[in-house]
Amino acid sequence: MKVSFNELQGLCRKAFTGIGFEDGDAADAADMVAWMQCHGFNAIDQLNRGLDFLLEEDPESLPKVIYQDGDLAVLDGHGQSVLRSISLATELGFAKARARGLSVVKIRRCHNRQLIMGYLSRLAGRGINITAFWRNAQEPLTEQVVGFRAGRSTPEVRIYSVRDVPEENEPNDGITLVMANHVELLPSLGVDHDLDLLARHSESDLMACRERSLQEGIEVNDAIWARLKTLAHRILVESSEASRGGAGAGVNDND
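Residues numbered from 1 in each chain as written. Predicted model: local features only at pLDDT ≥ 70, side-chain atom pairs only at ≥ 80, totals over all residues. Heavy atoms only, no water.

Looking at this structure, how should I read helix H6 (residues 203-216)?
Side chains three or four residues apart in an α-helix point the same way, a direct result of the helix having 3.6 residues per turn. An ideal rise of 1.5 Å per residue puts 20 Å on 14 residues; H6 measures up with 20 Å between its terminal C-alpha atoms. By the burial criterion, the buried members of H6 are Glu-203, Leu-206, Cys-209, Arg-210 and Ser-213. Each buried residue of H6 lies within a common arc of 125° when the element is viewed along its axis, so the set occupies one face. Exposed residues pointing more than 90 degrees away from the buried face of H6 are listed as Ser-204, Gln-215 and Glu-216. (Helix = DSSP H or I, 4+ residues; strand = E, 2+ residues; numbered from the N terminus. Expected span 1.5 Å × (residues − 1). Buried < 20%, exposed > 50% of the residue type's maximum accessible area, 1.4 Å probe, protein only. Arc of directions from axis to C-beta.)

Okay, here's the thing in structure tokens:
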């Protein structure tokens, strides 16, 4: 089925609220999923795979800063989805880069890492250059690099396969963010590195995908859409005089 950007964003917001997100966090997470999906990154499938984890997460287990100085910060994400834990890390990196010109933020123990791109798009729109880096798999070892130019809402994305795997290679569930006030940090493939380029998404390709999605609608799996509706129903209140008078929450896609 096809839905509009606003329909997808609205249902996701209600579903996240039904899962237990605070209102602001639910709106942010819904924006991220809709942003990813309209740029062709299959965010709905990724969200569906991570829903069981989201339902089991402790909402009180917030990300914790375990080290920081003027230029560097390391956070523990407690194994939670970036949809619940990433705002603190991105805003901390943004503030440090604004103050010092460059910042590095490492978020350990988090998942749904692909979905961080929507958050980074917001920061880049506020005038900061960003590169995000993480490893997707161990066998074969792959690395994903996402680069935003300051003031641009669409990134350059590259995925590499590493042929020369280091001996100390261990599963890595973290993300590294590098932000710079004035220096562009777009990903590039060095000629001396033993890497294979598996996929490349240019800014122009992603912008074209977004335009098509906004004009023609966004393809969503029927079963996943139904699951999001079920989660959205959690925000319904029991019938009362007030709700019958129009004060109750609804799940109509157009409300």
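Got a minute to help me understand the pattern of salt bridges in this structure?
Should the charged atoms of two oppositely charged side chains come close, the side chains can pair. By the definition in use, this model includes twelve salt bridges. Residue Glu-203 pairs with Arg-149 through a salt bridge whose shortest N-O separation is 2.8 Å. Placement of Glu-203 in helix H6 and of Arg-149 in the loop between strand E6 (141-148) and strand E7 (156-162) is noted, with a sequence separation of 54 residues between them. A relative accessible area of 8% places Glu-203 in the buried class. For the salt bridge of Arg-152 with Glu-203, the shortest nitrogen-to-oxygen distance reads 3.3 Å. (Salt bridge = Lys/Arg side-chain N within 4 Å of Asp/Glu carboxyl O.)

Can you walk me through the packing of aromatic side chains in this structure?
For any pair of aromatic rings, the description consists of the separation of the ring centres together with the inter-plane angle of the planes. Counting across every chain of the model gives two aromatic pairs. Each ring, one from Phe-16 and one from Phe-21, has its centre 5.1 Å from the other, and the planes form 35°; the classification is tilted. As far as the burial class goes, Phe-16 and Phe-21 line up, both buried. It is Arg-126 that lies over the ring of Phe-94; its NZ or CZ is 4.1 Å from the centre. (Phe/Tyr/Trp six-rings, centres within 6.5 Å; stacked < 30°, edge-to-face > 60°. Lys NZ or Arg CZ within 6 Å of the ring centre and 35° of its normal.)

Got a minute to help me understand the confidence of the model for the protein in this structure?
Caution applies to low-pLDDT parts of the model: their predicted coordinates are not meant to be read in detail. The predicted model of the protein averages 85 in pLDDT, with 87% of residues at 70 or higher. Within the protein, no element has a lower average pLDDT than helix H8 (residues 241-247), which sits at 49, and none a higher one than strand E8 (residues 175-180), at 95. (pLDDT = per-residue confidence, 0-100.)

Can you walk me through helix H7 (residues 222-232) in this structure?
Burial in H7 covers these residues: Ile-224, Trp-225, Leu-228, Leu-231 and Ala-232. The arc that holds every buried residue of H7, seen down its axis, measures 120°, which confines them to one face. Away from its buried face by more than 90 degrees, H7 exposes Ala-223 and Thr-230. In the core, the buried residues of H7 are packed alongside strand E1 (2-3), helix H1 (5-19) and helix H3 (43-56). (Contact = heavy atoms within 4.5 Å.)

Any chance you could explain the environment of Phe-133 here in plain terms?
Residue placement: Phe-133 occurs in strand E5 (residues 129-138). Along the backbone, Phe-133 and Arg-113 are 20 residues apart, and their C-alpha atoms lie at a distance of 9.8 Å. Not counting chain neighbours up to four residues away, the residues in contact with Phe-133 comprise Glu-143, Gln-144, Val-145, Ile-175 and Thr-176.

I keep staring at the nonpolar core and nothing clicks. Help me out?
The nonpolar side chains of soluble globular proteins are, as a tendency, buried together. Ranked by size, the top nonpolar core spans 60 residues in total, and within it Cys-12, Phe-16, Leu-47, Leu-83 and Leu-177 carry the most contacts. Apart from the residues lying within four places of it in its own chain, the contact partners of Leu-47 are Cys-12, Phe-16, Val-33, Leu-54, Leu-83 and Leu-228. (Core = buried A, V, L, I, M, F, W, Y, C linked by side-chain atoms within 4.5 Å.)

Any chance you could explain the environment of Cys-110 here in plain terms?
One can find Cys-110 in strand E4 (residues 102-111). On the accessibility criterion, Cys-110 (3% relative accessible area) is buried. In sequence terms Cys-110 and Gly-174 are 64 residues apart; their C-alpha atoms lie 6.0 Å from each other.

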